[in-house]
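Now for the letters of each chain:
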Amino acid sequence: MDSYIFNKLQNIKNEKLYRCEKNIDKLNIKINLSSNDYLSMSKNPVLFNEAINAINLYGVGSPSSRLVSGNLSIHKNLEKTITSLKETEDTIVVGSGYIANLGVLSSLCSKDFIIFSDKINHASIVDGAILSRAKLVRYKHCDTNDLIEKITQYSNYRKVIITDSVFSMDGDVAPLEALSEISKKYNALLIVDDAHGFGVLGKNGSGALEHLRLKNENIIQIGTLSKAVGNYGGFITGKKLYIDYFRNFLRGFIYSTALPPSVILSSEKSIEIISTMKNDREILRENSIYLRTKLKNMKLETVEGETPIIPIILKGEEKVLDISKKLLEKGIYVPAIRKPTVPKGLERIRVSLNTNISKKDIDIFLNNLKELI
Ligand code: PLP
């Protein structure tokens, strides 16, 4: 077994795909272009106080899963706050966005289901589909014609369509209105992973559906507390009937310890604040357009959009690693993204903007990048 494991690691080292984590606190980062903390909520002092209050009231951990003795009124209050912002009927909070995707697909689908999944959906969706044992069909990225072509080939299955709202490596937004129509026409359930939309898109920060003014109460939305909310955890929101189902069948909810009170209380406050942060969302949008325009002027390949996720596709594992390393030496952190996160040949550095990044920071980054390419 040791030689099997050693060889697997050696292979990825040879392919320049070996990874190890960096101690971020030990690096001298002046401009951090890698964070999903889009609204800088993780450093909001109001939330520190909420977390400390929760620790004083309830302690640092939860004693068990939600269905045993881990459920406090604050868990329910957080769920109500999410339900209200999302304008859905009910919500359950689970351990992470990863658990939410894994759990929704694996608890709902089985061998008589077929899951139509966008080709570049998040890994947790792919893993959930595999765990469910349903048939998995991946349609071309954001290509509704390809989806229709594929969906019409299968009649004897229960159908699910699942997509990221904002794609985590490309930053583009899924054609949700068209997907909603297709789901109605072909009697499929539509699931939207709004991990990168929640807090960032829509006037009130409710996410991609608000942004597109899309109303369809049959859509199940997945979200995370670990990005714009600046904390940790995941949630599922939608019709009462569906949420009740997940409360009873989703194993990551039933068999995993409740999130700690400090996370719950500070997340709820964060969501309350986020819903008022219209100006910050607008600045984030303006800055993302500013960076994309400048990249185009520099003739660099990116993906159209207005979200704070902006890929710069440079191609080549060594190239992206080298540029990321050299930028870091100058105090600018932009991660290199390679296989298996993106397909071979589409290696990139990926910028994630947040409200602490100014246009001046963007210019400093671009001037440094110019010297390296
Ligand atoms: N869905 C998408 C699209 C993501 O980018 C992520 C990111 O990590 C997740 C789900 C998982 O969320 P979490 O970090 O809360 O597990």
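Numbering of residues begins from 1 in every chain and follows the order in which that chain's sequence is written. Note on the predicted model: pLDDT of at least 70 is required for a residue's local features to be given, and 80 or more for side-chain atom pairs to be given and counted; whole-chain, interface and lining totals, by contrast, use all residues. By convention in this description, side-chain values take in all heavy atoms of the structure and omit both hydrogens and water.

Undergrad: I'm lost on the site of the ligand in this one. Help?
TA: For this description, a residue counts as near a given molecule or strand if any of its non-hydrogen atoms is within 4 Å of it. Not every one of the 15 residues close to the ligand is listed here, only the nearest: Gly97, Asp193, His196, Thr224 and Lys227. At a separation of 2.8 Å, an oxygen atom of the ligand approaches a polar backbone atom of Gly97. Pairing of N or O atoms within 3.5 Å defines a polar contact, subject to two protein rules: one partner must be a possible hydrogen donor and the other a possible acceptor, and residues neighboring in sequence count only if both atoms are side-chain atoms. Between the ligand and the protein, one listed contact pairs an oxygen atom with a side-chain N or O atom of Ser226 at 3.0 Å. Note on areas: Shrake-Rupley, 1.4 Å probe, and residue coverage restricted to the protein chains presented here. Contact with the protein chains hides 85% of the accessible area of the ligand, taken as 380 Å² for the molecule alone. The pocket and cavity definitions rest on a 1 Å grid over protein atoms only: a 1.4 Å probe that fits but cannot leave marks a cavity, an open set with protein on both sides within 12 Å along at least five of seven lines marks a pocket, and residues lining either have an atom within 4 Å of a point. Occupancy of a cavity or pocket is assigned to a molecule whenever over half of its atoms lie within 2 Å of that pocket's grid points. More than half of the atoms of the ligand fall within 2 Å of the grid points belonging to the largest pocket. By residue number, the principal contributor to the shell around the ligand is helix H5 (residues 97-108), which donates three residues. For this classification, the nonpolar set comprises Ala, Val, Leu, Ile, Met, Phe, Trp, Tyr, Cys and Pro, the charged set comprises Asp, Glu, Lys and Arg, and every other residue, Gly included, is treated as polar. Tallied by class, residues from the shell around the ligand come to two nonpolar, ten polar and three charged. Starting at the N terminus, helices and strands are each numbered in turn, a helix being any DSSP run of H or I of at least four residues and a strand any DSSP run of E of at least two.

Undergrad: Is there a simple way to think about the sheet that holds strand S12 (residues 348-352) in this case?
TA: The pairing of strands in a sheet happens through backbone hydrogen bonds and is either parallel or antiparallel. Taken in spatial order, the three strands of this open sheet run S9-S12-S11, and their pairing is antiparallel. What marks the edges here is a single partner per strand, and that holds for strand S9 (309-313) and strand S11 (336-337). Sheet topology note: the S11/S12 ladder contains two bridges and is antiparallel. The partner of Ala336 across the bridge, within S12, is Ile349. Here a residue-residue contact requires only that any non-hydrogen atoms of the pair lie within 4.5 Å. As a rule, the C-alpha atoms of each element are fitted with a line to give its axis, helices using only the stretch in contact, and angles between N-to-C directions run from 0 to 180 degrees. Across the sheet, helix H13 (residues 278-297) touches S9 and S12, and the angle it forms with S9 is around 15 degrees. Any two strands with at least two DSSP bridges between them are considered paired.

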